[in-house]
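# Inside the fold
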Amino acid sequence: MSEQEMTAKKRIFSGIQPTGVFTLGNYIGAVRNWGALQDAYESIYCIVDLHAITVMQEPAKLRANTMRAYALMLACGIDPKKSVAFIQSHNPNHAELSWVLSCSTMFGELNRMTQFKDKSARHADNINAGLFTYPVLMAADILAYNADLVPIGADQKQHLELARNIAVRFNQRFGDTFTVPEPYMPKTGARLMSLQDPTKKMSKSDENVNACVFILDDKDTILRKFRRAVTDSESEVCYREGKDGINNLMTIYGCVTGKTMDEITAEFAGKGYGDFKTAVGEAVADHLAPVRSEFERLSADKAYLNECIAIGSEQAYRMTRKILSKVYRRVGFTDRK
Ligand code: TRP
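Residues numbered from 1 in each chain as written. Predicted model: local features only at pLDDT ≥ 70, side-chain atom pairs only at ≥ 80, totals over all residues. Heavy atoms only, no water.

### Examining the overall build of the protein chain
Rule in force here: Helix numbering and strand numbering both begin at the N terminus, where a helix is a DSSP run of H or I of at least 4 residues and a strand a DSSP run of E of at least 2. The globule rule used here is 2.2 Å times the number of residues to the 0.38 power, and the radius of gyration it is set against is calculated over C-alpha atoms. For each residue, the accessible area found with a 1.4 Å probe, counting protein chains only, is set against the maximum for its type, and the residue is called buried under 20%, exposed over 50%, and partly exposed in between. Residue contacts are defined here by distance: any two heavy atoms, one from each residue, within 4.5 Å place the two residues in contact. Computed with a 1.4 Å probe, the accessible areas rest on the Shrake-Rupley method; for each residue, only the protein chains presented here act as cover. A positive count includes Lys and Arg, and a negative count includes Asp and Glu. His and the chain ends are not counted in either. The atom standing in for a charge is NZ when the residue is Lys, CZ when it is Arg, CG when it is Asp and CD when it is Glu.
Within the protein chain one finds 14 helices and five strands. Against the compact-globule benchmark of 20 Å for 337 residues, the protein chain has a radius of gyration of 21 Å, which places it among compact chains. Dimensions along the principal axes, computed over C-alpha positions, put the protein chain at roughly 75 × 45 × 40 Å. Burial analysis of the protein chain (337 residues in total) assigns 49% to the buried set. In the protein chain, the proportion of contacts linking residues at least 24 apart, taken out of those at least 6 apart, comes to 74%. Of the roughly 16,200 Å² that the protein chain leaves accessible, carbon and sulfur atoms contribute 52%. Here the protein chain carries 43 positive and 40 negative side-chain charges, and the mean point of each set is 4 Å from the other.

Next comes the structure, spelled out in structure tokens:
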């Protein structure tokens, strides 16, 4: 029996890019939920630095951002004793498997990826082959662990669908090898919108500094960003079509306080938008305060972080080596003596 069959728990895999500080959107939509899944699932979480270099990175910054993202991941509640938490480039099996899978992926499939089209429009001076094959590497991340479930945001659905197609195609051609992964959309995984243009997703690359809240922003900054949030010309705090700004603020407030839309509406009946925005800012700042202090504590303890990283990559390597050997046998590579 394989290691995985002995543990009845389903296996979950997800990854996050080490570009800059996580946003409130990354936190609420993704990383916060990862922590909540650790007990129910065998969880594997990864900082995807290999993916990050598909767009131009300054080496020193990438290195610092990767360490920071790892510390942030732990600060957000990923416990390295419960989950396998590691850095993608430390496990060479991802890149190796990616090559094999790229030979089971069609050019036409990759050419249909909407994220590739978006990113190549945004980085017209650097449309490199890695940007194009990025989804194959993502498939390798997932399939290398035979993950059952993959927590992802809506923007990654097409990539996961491709990973499933690659798994099915490989299995049909070479015999059952990979688990076909399912997307996992957490119930509480709301999609947060820009505070300055609530019809757009909250994005760390937004040029307007007030559009996006970062999880390491200090309280004053958070309050200021919420006070400047774009709303509408009415005055009623209620969730309704057309009130994108207020809807977004209510969603955020609900996510950090656990209150329902009705409760929020009742709480702010008769009060103005000003009071509401301040309340949202306060609630977000209070919610993020422990994450920030835990991040600071961890960042000061490099020895501990390095130890966690080393253990995580060793675990990840061992989990994937067996699957990769099987893949190599299946495709007809000779044994390495
Ligand atoms: N592509 C994902 C993103 O940009 C990150 C990612 C890489 C990922 N590999 C993954 C997510 C595997 C889930 C599973 O958000």
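Structure shown, so let's carry the discussion forward.
### A closer look at the environment of Met193
If you trace the backbone, Met193 turns up in the loop between strand 5 (182-184) and helix 10 (219-227). Leaving out residues up to four positions away in the same chain, Met193 has contacts with Pro198, Thr199, Lys200, Lys201, Met202 and Asn248.

### With respect to the packing of helix 10 against helix 13 (residues 273-299)
The condition that has to hold: Lines fitted to the C-alpha atoms define the axes, with helices restricted to the stretch that makes contact. Angles between their N-to-C directions range from 0 to 180 degrees. Comment on the angle field: the value is read as roughly parallel under 35 degrees, roughly antiparallel over 145, roughly perpendicular from 65 to 115, and oblique elsewhere. Crossings are assigned a handedness: left-handed for a near helix turned anticlockwise from the far helix by less than a right angle, right-handed for a clockwise turn. In the scheme used here, Gly and all other residues not listed as nonpolar or charged are polar, with Ala, Val, Leu, Ile, Met, Phe, Trp, Tyr, Cys and Pro taken as nonpolar and Asp, Glu, Lys and Arg as charged.
The geometry of helix 10 relative to helix 13 is characterised by a closest axis approach of 8 Å and an angle of 150° between their N-to-C directions. Taken together, helix 10 and helix 13 sit at an angle that is classed as roughly antiparallel. For the element pair helix 10 and helix 13, the recorded crossing hand is right-handed. Taking contact as the criterion, the partners of Lys219, Ile222, Leu223, Phe226 and Arg227 in helix 10 are, on helix 13, Lys277, Thr278, Val280, Gly281, Glu282, Val284, Ala285, Asp286, Leu288 and Arg292. In the contact of helix 10 with helix 13, the residues fall into seven nonpolar, two polar and six charged.

### Structural notes on the domain arrangement of the protein chain
Just so we agree on the cut-off: The source of the domain bounds is an automatic or database domain assignment. Note on terms: buried area is the combined drop in 1.4 Å-probe accessible area of two parts once they are placed together, counting the loss on both. Definition used for salt bridges: Asp or Glu carboxyl oxygen within 4 Å of a side-chain nitrogen of Lys or Arg.
Assigned domains within the protein chain: domain 1 (3-190 + 301-331) and domain 2 (219-295). In this structure, domain 1 and domain 2 have C-alpha centres spaced 32 Å apart. Of all residues in domain 1, the largest losses of buried area upon contact with domain 2 belong to Leu24, Tyr27 and Ala75, amounting jointly to 49% of the total for that side. Linking domain 1 with domain 2 are zero salt bridges.

### Focus: the packing of aromatic side chains
The line we're drawing: Two rings belonging to Phe, Tyr or Trp (six-membered ring only in the last case) form a pair when the distance between their centres is within 6.5 Å. Interplanar angles under 30 degrees mark stacking, angles over 60 mark edge-to-face geometry, and anything in between is tilted.
All chains considered together, the criterion is met by twelve aromatic pairs. A network of ring pairs unites the aromatic residues Phe13, Phe86 and Tyr145 as a single cluster.

### A look at the site of the ligand
Test applied: Note on terminology: near, applied to a residue and a molecule or strand, indicates that one of the residue's heavy atoms is within 4 Å of it. The term polar contact refers here to a pair of N or O atoms within 3.5 Å; inside protein, the definition further demands a hydrogen-donor-capable atom paired with an acceptor-capable atom, and it admits residues adjacent in sequence only when both atoms are side-chain atoms.
Close contacts around the ligand come from 13 residues, with Gln17, Tyr134, Met138, Asp141 and Gln156 the closest. Within the side chain of Gln17, a nitrogen or oxygen atom sits 3.4 Å from an oxygen atom of the ligand. A distance of 3.1 Å is found between a nitrogen atom of the ligand and a side-chain nitrogen or oxygen belonging to Gln156. For the ligand, whose free accessible area comes to 370 Å², the fraction covered by protein is 89%. Secondary structure elements with two or more residues in the shell around the ligand: strand 1 (11-16) and helix 8 (129-143). If one sorts the elements of the shell around the ligand by residue count, helix 8 sits on top with four residues. Of the residues that constitute the shell around the ligand, the class distribution is seven nonpolar, five polar and one charged.

### Comments concerning helix 9 (residues 157-174)
Note the following rule: A helix's residues, less one, multiplied by 1.5 Å, set its expected span.
Over its 18 residues, helix 9 runs 26 Å from end to end, which matches the ideal 26 Å to within 8%, given 1.5 Å per residue. Turning to helix 9, its buried residues are His159, Leu160, Leu162, Ala163, Ile166, Ala167, Phe170 and Asn171. Positive phi shows up at Gly175, right after helix 9, with a value of about 95°.

### Description of the side chain of Thr320
With respect to the element layout, Thr320 can be found in helix 14 (residues 302-331). Here Asn91 takes part through its side chain, which lies 3.1 Å from a polar atom of the side chain of Thr320. Those residues in contact with Thr320, other than ones at most four positions away along the chain, are Asn91, Asn93, Ala144 and Tyr145.

### Quick word on the pattern of salt bridges
In total, this model carries 19 salt bridges according to the counting rule given. Residue Asp39 pairs with Lys82 through a salt bridge whose shortest N-O separation is 3.4 Å. Here the residue Asp39 occupies a position in the loop between helix 2 (24-37) and strand 2 (42-47), and Lys82 occupies one in the loop between helix 4 (59-75) and strand 3 (84-87), the gap between them amounting to 43 residues. Note on Asp39: relative accessible area 48%, which makes it partly exposed. Of the charged contacts, one joins Glu96 and Arg321 as a salt bridge, the two residues approaching to 3.7 Å between their closest N and O atoms. Taken together, the residues Glu96 in helix 5 (residues 93-102) and Arg321 in helix 14 connect sequence positions 225 residues apart.

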